[in-house]
Each structure stands twice: as structure tokens, then as C-alpha cells.
Number of protein chains: 2
Amino acid sequence: MSDDQKKQLEEFESRIDQFHPGHSIDCVILGYHDRHLKILLLKWKHAELWSLPGGFVYTHESLEDAAYRVLKERTGLGSIFLSQFHTFGDVERQTAPSAPQAVMMENLYQKLPLKDPVRFRNWIQQRFITTGYFALVDFEKTEPRPDFLGERCEWIDLQQLPELLMDHDAIIKKALAQLRIQLNYLPVGLSLLPEKFTIQDLQKVYEAILQKKLDRSNFQRKILKLGFLNRHEKQMTGAANKAPFLYSFDERNYKELLTSGIGFSM
Amino acid sequence: MSDDQKKQLEEFESRIDQFHPGHSIDCVILGYHDRHLKILLLKWKHAELWSLPGGFVYTHESLEDAAYRVLKERTGLGSIFLSQFHTFGDVERQTAPSAPQAVMMENLYQKLPLKDPVRFRNWIQQRFITTGYFALVDFEKTEPRPDFLGERCEWIDLQQLPELLMDHDAIIKKALAQLRIQLNYLPVGLSLLPEKFTIQDLQKVYEAILQKKLDRSNFQRKILKLGFLNRHEKQMTGAANKAPFLYSFDERNYKELLTSGIGFSM
DNA sequence: TTTCAAAGTGTATAAATGACACAATAATGA
DNA sequence: TCATTATTGTGTCATTTATACACTTTGAAA
């Protein structure tokens, strides 16, 4: 366990009484790299088990602030596109993961250097209602950092998800469904890209989210017509062809659009 | 206080330890009557203060089941269209209602015939994160029934909301915004009407939700083309004109539509 | 100069939208 | 029977949007 993680655990244990009871946050953090949608997952120690980065809500902290905090802790990123999508409150969502999962979790808890194992147990094993947030982040800018339960924090291809803790697969599914809906009335996909990007990059993002091919020229027309992209100098690719233009996101025009309302569909 | 309410309070106090801590449910229950959208609100005792019907979640009960239970308790209705729309978790959402509101609440609590006032206080005055559900119900079929905090439970015109408890006005606003979005991809409005209704009724519902006039003949064409309305005998209105057809909702066709996906916009 | 992908433009078809007009249909009551 | 009335169905026209595809121009590199 790294020093950083020891500190996190210490902080956690010392503030365990300051958490809002029975409520957690789970973040579906999506990034885009290499033409694929990636999700930030946490690999558990001593087990081939992965989970969504999550956390708890302090008594004096709003739900949303808690989500931002978790995001910051896991990715180092500050202000980001973050959107609540659903609250999961089934009774069985954690009491009955698979039997092997229960064993893995048990193992992990036992190996933690805890000051007060009983109090830890009482906290971690209560029933949690969890609120899901999804965040779209610039892959390049993140510095994934595991929490004290994780061995490492990693970007995983959405198409190749490993075994996930509890109901985390269902949470991801719901997040994606919501994302697709939001895409129809908010040009959400932009937050997934670095500051400067090509139209083609953006199209690939849309295709990755919507899971279907889009027509290049129509896509370009539509997006540019919305008018919140600024064109910059070209990028010299070194390839034997015309270099694509770079664009960046014009937040001011975008906010005007938001107030006047967007009708948008692909 | 009625016998019924006394029973409810008794039940509540006896099971106060069985509630999931710090979490509540608030229901935005909408009905349609007299060409207006109505919302079911609870008037508090001894005060001109209204609130959304709400409740708490039992430890052994899912969030959704709790919402259904609250709905059943307030309206007598069983299976209904119910949809989670947001979870509200601001710190200040209840710690600082207006000063007068705090006094009103205090007054009410003191007048309750409680067995264990301290325990009641501890429960009711904690910080709650609340999950909002909206329900669309057939106005005619409901039998509103107040809980032990309410003097009466009543349908109020959405256009003329009274002073509301805490952040309940914001919760209602959010519910309506969500409803408008949902209307674009689910023919949600149907649940607001009695089993048999005229196309005109349905159009009025849409107009009430969307807050704008729709063209009669275009509306009719669109709705009928979707194919989940069954036409019945005419209704004799007693007026000196052709009677309108009655329609009912064909659940089977509707479910087929759901799986194949609906593209729908007004 | 050739080659290649990017970028821009054209455009034909189909579909949906919105705004109206108009005729046919029943129910009532004078 | 006939005038009155609101419902219902249909037509249509202008506009916009979606979808698919073709073709040209551009600019960087070999």
C-alpha cells in the first residue's frame, strides 16, 4: 500500500462519523482515446474484481459536491461536465453479490491496516443507496489515482468490461442510456476531447456513444451550423495529405445556445 | 386528528428505527382535471403551508417500492406510471427554510401526540437526501388521504401553487422539466387520463404539459399513426353536435413500440 | 507532378412539421 | 325536416430536416 493510500485510509477512518449514513456516490467517468470510449475503473487489491470509483457524502457536503470531490480525487480534474443520472436503491444491490465476490471483499477488508476494524465494518457493510453521476473528461488530462481499496485506477475499453463489483455493470448501462438521450439535446460529447480537436475526432466520439456510423459531410454541416466551434490553424500531421483543421469549443456561444434551447438529433 | 391519522402516526413511531437513515422520497403526483394539470399536495396542520407527499424508505424496502408505497398511501392507487427524476442533496435544502417556516414546523411537531418526542425529533430533524419521483395518475380514481402531518390532501392547480415547504417548489420544477423531456420519447401523457378519453382530452394534456397550443388535425394524425389507441363507441354528450369518439390505450401495441423504439416530438 | 485524405459543396429523395382550408359526419332542437 | 354546432377526416402547400452520395477543391508530402 502506497503512502498516499495510507493517508487516504487514515483520513477515511478518522472521518467515518462525518459521513451521511447509508448513501454513496458512484461515478461513471468516461474518456475518449484511440477512437474508443474508455471508462475509469478501479481494480481491487488481491482480486480480479473491478469497481466504479465512488465515495461517500460528508454531512456538511452536498451530493453534487461529493461527486465533484470523488472525481477530483480519482482524476485530479476540477471543473468538469458532471451529471446526475439515477439513484439506485434496490435492497439486494449489495447484500448479495455473487458468493465469490463476497469472499473477495471479505479478504480485502481483512488485509487493510485499520485502527478500528469494527467501526469500519459497521460502516462499510450497511445498506447503501447510491447516486450515479457520469462525467465526461479529457482523457489526456487525467491522472488516475486509486483509493485505499484499489490496487490501481485504469482506463478500460467500454467494449471489454471486466467482472464488476455488485451492480456496477447495471449502473454503467444506465449511464450510457442517459448519455445517449442527453446527446440529443446537449452537445455533450465535446467535453470528452482535448481543447483542440478535429471534426473527425468529434464524429468518432458521437459514433462511439451512439454506436452507429454517421455520414461525414452531414455531421460536419450539422455541428458547424450550431456555431459553438472555433476554427484554428491546421495541424501538420506529417502525412501526405491536407491537414485537418483544429477546432475548439466556444463556451460563450454555447451558453447562449443553452438558454435559447437546442433541438438536436442524430 | 382522525383515527386513521392516529394509526399512521403510531405505525410511524413504532417503526422509526426501521427506516433507512437520512433518505426520503418525495412524490410529484400529477393529475388532469378540467383542462388543467393538477398536483396532489398536502396542507400542513395549523399553517398555510403545503408540501409534496413524501415518506421514508424502510431498511428492507427498495427505493422504488417506497415510492410506490407512498403513492398508494396518498392516492389509494396501485400500479401506476412512476418515474424517478432526480435526487436532491443540497445541505441547506432543509436546515434553512424561511424563518416563519421553521416556526410552523416546530409548532406542528409540538402538537403531535407522540410517545417518544425525542426520538421523533432526532429522526425528523436530521439531514435528508431526497429522491423525487413523478407519477401521472387518473384524477378520477384517486382518493387523497393525508398523512399524520397533514390537515388535508388536495389537488391544486399547477398554475396556482401556494407557499411550499423547503425546496419543494424547485423539486416540482425539475419534475416538470423532466416530464417534458420524457414526453418526447414516451407517450407518457396517457396515464393522466381515465380509461376512455377523447383525442381532444389527450391533446389538452399535451398542451398543459408542454405549455403551448398544438394544431388539432396534426396532433390527431400523429397520435393515431403511432397505433396504440383503440377506438370505441361514441360518447353521447347531450350537446347539439356530433359526439367525439372515445379511445383507450392499447398496452400491447404500446409495449411493442417501446422495444422497437419511438421517435416522437411535438 | 502525383497522390492522398480533408474539407467543402451540391443535390435528389424522402420524411416530418406547421399552418390552414374544407367537406363529411352526427347530434340536437326548433 | 332543417338549421346549427362541434367533431372528424382529409387535402395541400411551404418549410425544414434527414439521409445518402457524388464531385470538387485544398494542401501536404513524396
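Since the model is a prediction, treat every value here as computed from it, not as a measurement.

It is not clear to me how the overall build of chain A should be interpreted in this structure. Could you clarify?
Looking only at helices and strands, chain A has 9 helices and 9 strands in total. On the principal axes, the C-alpha backbone points of chain A span a range of 65 × 40 × 30 Å. Here chain A, with 266 residues, has 53% of them falling under the buried criterion. Look at the contacts in chain A between residues 6 or more apart in sequence, and 74% of them connect residues 24 or more apart. The distance from the centre of the 35 positive side-chain charges to the centre of the 35 negative ones in chain A is 6 Å.

Could you clarify how one ought to interpret a negative patch on the surface in this entry?
Taken together, the side chains of Glu64(A), Asp65(A), Asp90(B) and Glu92(B) define an acidic patch exposed on the protein surface. Within the secondary structure, Asp65(A) sits in helix α2 (residues 63-75). What makes Asp65(A) partly exposed here is its relative accessible area of 44%.

How should helix α2 (residues 63-75) of chain B be read in this particular structure?
Every α-helical turn comprises 3.6 residues, leaving residues that sit three or four positions apart pointing alike. Residues and elements named next belong to chain B. Taking 1.5 Å per residue, 13 residues should reach 18 Å; α2 reaches 18 Å between its end C-alpha atoms and fits that length. Turning to α2, its buried residues are Leu63, Ala66, Ala67, Arg69, Val70, Leu71, Arg74 and Thr75. Backbone geometry just after α2 places Gly76 at a positive phi near 75°.

What should I look at first to understand the interface of chain A and chain B in this one?
Interfaces are often sized by the accessible area lost when the parts come together. Contacts between the two partners involve 23 residues from chain A and, on the opposite side, 23 residues from chain B. Around 1700 Å² of area is buried between chain A and chain B when both sides are counted, 59% of it from carbon and sulfur atoms. Considering only the side of chain A, the residues that lose the most area to chain B are His20(A), Gln84(A) and Arg127(A), jointly responsible for 28% of the buried surface there. For the interface between chain A and chain B, the tally reads 0 salt bridges. Joining chain A to chain B, the criterion identifies 16 residue pairs in polar contact (both at pLDDT 80 or more). Elements represented by at least two residues in the side of chain A that touches chain B include exactly β1 (19-33), β4 (54-58), β5 (81-88) and β6 (129-136) of chain A. When residues in the side of chain A that touches chain B are grouped by element, the largest group, 4 residues, is from β1(A). For the side of chain A that touches chain B, the residue count by class is 9 nonpolar, 11 polar and 3 charged.

Looking at this model, I keep getting lost on the relation of the copies chain A and chain B. Mind explaining?
Each of the two copies of the chain can be brought onto the other by a rotation about an axis and a shift along it. The transformation that overlays chain A on chain B combines an axial shift of 0.0 Å with a rotation of 180°, and the residual RMSD is 0.0 Å. These values place the two chain copies in the arrangement generated by a two-fold rotation axis. Rotation axis and chain A: the residue whose C-alpha lies nearest the axis is Pro21(A), separated from it by 3.1 Å. Here 100% of the contact residues of chain A are again contact residues in chain B; the copies associate through an equivalent surface.

So what exactly am I meant to see when it comes to the domain arrangement of chain A here?
Residues and elements named next belong to chain A. Domain annotation of chain A identifies domain 1 (3-183) and domain 2 (187-259). Relative to domain 2, the C-alpha centre of domain 1 lies at a distance of 31 Å. At the interface, 15 residues of domain 1 touch 16 residues of domain 2. Both sides of the domain 1 and domain 2 interface together cover about 1500 Å² of buried area, and 67% of this is carbon and sulfur. Taken as a group, Tyr32, Arg180 and Leu183 account for 42% of the area that domain 1 buries against domain 2, more than any other trio of residues on that side.

I'm lost on the pairing of strand β5 (residues 81-88) of chain B in this one. Help?
Looking along a regular strand, one sees the side chains alternate between the two faces of the sheet. Residue and element names in this part refer to chain B. Along β5, 7 of the 8 residues are buried, which leaves the element largely enclosed by surrounding structure. When β5 meets strand β6 (residues 129-136), the two strands line up antiparallel, connected through 7 bridges. Residue pairing in the sheet places Gln84 in a bridge with Tyr133 of β6.

Got a minute to help me understand the side chain of Asp250(B) in this structure?
Residues and elements named next belong to chain B. Structurally, Asp250 can be placed in the loop between β9 (245-249) and α9 (251-260). With a relative accessible area of 15%, Asp250 lands in the buried category. Polar side-chain contacts of Asp250 include one of 3.3 Å to the side chain of Asn230. Excluding residues within four positions of it along the chain, Asp250 makes contact with Phe228 and Asn230.

How do you make sense of the pattern of salt bridges when you look at a structure like this?
Close approach of charged atoms allows side chains of opposite charge to pair. All names here are of chain A. Evaluation of the coordinates by the stated rule reveals 28 salt bridges over all chains. One salt bridge in this structure joins Arg69 and Glu73, with 3.4 Å as the shortest N-O distance. In this pair, Arg69 and Glu73 both sit in helix α2, 4 residues apart, roughly one turn of the helix. Judged by relative accessible area, Glu73 falls into the partly exposed class, the value being 28%. Residues joined in a network through salt bridges with shared partners are Lys43, Glu151, Arg152 and Glu154.

What is the right way to look at helix α4 (residues 99-111) of chain B in this model?
Residues and elements named next belong to chain B. Taking 1.5 Å as the rise per residue, α4 with 13 residues should run 18 Å; its terminal C-alpha atoms sit 19 Å apart, in good agreement. Taken together, the buried positions of α4 are occupied by Gln101, Met105, Leu108 and Tyr109. One face of α4 carries all of its buried residues, which in axial projection span an arc of 100°. Residues of α4 that are exposed and point over 90 degrees away from its buried face: Ala99, Gln110 and Lys111. Next to the buried residues of α4 lie β2 (36-44) and α5 (117-124).

Can you walk me through the pairing of β6(B) in this structure?
Residues and elements named next belong to chain B. In terms of burial, β6 is a largely internal element, 8 of the 8 residues being buried. Burial along β6 is two-sided: the face carrying Ile129, Thr131, Tyr133 and Ala135 and the face carrying Thr130, Gly132, Phe134 and Leu136 are both buried. The pairing of strand β1 (residues 19-33) with β6 spans 8 bridges and is classified as parallel. Counted as the bridge partner of Val28 is Phe134 from β6.

Parameters and conventions
Residues numbered from 1 in each chain as written. Chains lettered and ligands numbered in written order. Predicted model: local features only at pLDDT ≥ 70, side-chain atom pairs only at ≥ 80, totals over all residues. Heavy atoms only, no water. Helix = DSSP H or I, 4+ residues; strand = E, 2+ residues; numbered from the N terminus. Buried < 20%, exposed > 50% of the residue type's maximum accessible area, 1.4 Å probe, protein only. Contact = heavy atoms within 4.5 Å. Lys, Arg positive; Asp, Glu negative; His and termini not counted. Charge placed at Lys NZ, Arg CZ, Asp CG, Glu CD. Patch = residues over 30% accessible without salt bridge, like charges linked within 9 Å, V, L, I, M, F, W, Y side chains within 5 Å. Areas by Shrake-Rupley, 256 points an atom, 1.4 Å probe, with all protein chains shown as cover. Salt bridge = Lys/Arg side-chain N within 4 Å of Asp/Glu carboxyl O. Expected span 1.5 Å × (residues − 1). Buried area = accessible area lost by both parts, 1.4 Å probe. Polar contact = N/O pair within 3.5 Å; in protein donor to acceptor, adjacent residues only side chain to side chain. Nonpolar A, V, L, I, M, F, W, Y, C, P; charged D, E, K, R; others polar. Least-squares fit on C-alpha atoms with pLDDT ≥ 70 in both. Domains from an automatic or database assignment. Pairing = 2+ DSSP bridges. Arc of directions from axis to C-beta.

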